[in-house]
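Single-letter residue listing:
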Amino acid sequence: QVQLVESGGGLVQAGGSRRLSCAASGRTVSSYNMGWFRQAPGKEREFVAGITRSGGNTRYPDSVKGRFTISRDNAKNTMYLQMNSLKPEDTAVYYCAAVRGYSAPSTSSAYDYWGQGTQVTVSS
């Protein structure tokens, strides 16, 4: 079992930056690939970023590529999402998730564990 807790959400102006954190507890988090997803009202949950167990490989959808950076510190059992050049359309609840295996897939159903989410609101 892995417990995930997100933090760092809040209100930010368009063009600004925010860093989200995902603190993990339970089993060794370095055993899991991890990802960030987001969900806006009335929309499906969307993949934002993924990172492999060692942190050696990352992936992003085109919508955030070049603006968001995922990273992890396995010694601290924590994953991060640095978000720059934020846009109003980035407004959503952001979730972190963990999955075993060899990659960090973009499909939410593939993930085994989820945090409770943190709200990010970008004002124009």
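See above for the structure.
Residues numbered from 1 in each chain as written. Predicted model: local features only at pLDDT ≥ 70, side-chain atom pairs only at ≥ 80, totals over all residues. Heavy atoms only, no water.

### Regarding the environment of Leu11
Basically, it comes down to this: Segments assigned H or I by DSSP are reported as helices when at least four residues long, segments assigned E as strands when at least two residues long, and all are numbered from the N terminus. Burial classification: accessible surface area is computed with a 1.4 Å probe over protein chains only, and a residue below 20% of its type maximum counts as buried, one above 50% as exposed, and the rest as partly exposed. Contacts: residue pairs with any heavy atoms within 4.5 Å of one another.
Position of Leu11 relative to the elements: it lies in strand 2 (residues 10–13). Classification of Leu11 as exposed rests on a relative accessible area of 59%. When the C-alpha positions of Leu11 and Tyr95 are compared, they lie 16 Å apart, and in sequence the two are 84 residues distant. Ignoring anything within four residues of it in the chain, the contact list for Leu11 reads Arg18, Thr121 and Ser123.

### Re the packing of aromatic side chains
Rule in force here: For this analysis, a ring pair means two rings from Phe, Tyr or Trp (six-membered ring only for Trp) whose centres lie within 6.5 Å, classed as stacked if their planes differ by under 30 degrees, edge-to-face if by over 60, and tilted for the remaining angles.
With the rule as written, the count across this model stands at six aromatic pairs. Judged by centre distance (5.8 Å) and plane angle (80 degrees), the ring pair of Tyr32 and Tyr113 falls under edge-to-face. Linking Tyr32 in the loop between strand 3 (18–26) and strand 4 (33–39) with Tyr113 in strand 10 (residues 113–114), this pair joins segments that are 81 residues apart in sequence. On the numbers, 5.1 Å between centres and 80 degrees between planes, the contact of Phe37 with Tyr111 is edge-to-face. With Phe37 in strand 4 and Tyr111 in the loop between strand 9 (92–99) and strand 10, the pair connects residues that are 74 residues apart, well separated along the chain. The same class applies to Phe37 as to Tyr111, namely buried.

### Quick notes on the nonpolar core
Applicable threshold: What we call a nonpolar core is a set of buried Ala, Val, Leu, Ile, Met, Phe, Trp, Tyr and Cys residues that are connected through their side-chain atoms within 4.5 Å.
Residues Trp36, Leu81 and Tyr94 are the most contacted members of the largest nonpolar core, which totals 28 residues. Elements with a contribution of two residues or more to this core: strand 1 (2–7), strand 3, strand 4, strand 5 (46–51), strand 7 (68–73), strand 8 (78–83), strand 9 and strand 11 (118–123). With four residues, the top contributor of residues to this core is strand 9. Leu81 has contacts with Arg18, Arg19, Leu20, Trp36, Val48, Ala49, Phe68, Thr69, Ile70 and Tyr94, leaving out every residue within four places of it along the chain. In terms of nonpolar packing, the next biggest core, distinct from the first, is built from six residues, Phe37, Phe47, Val99 and Ala104 among them.

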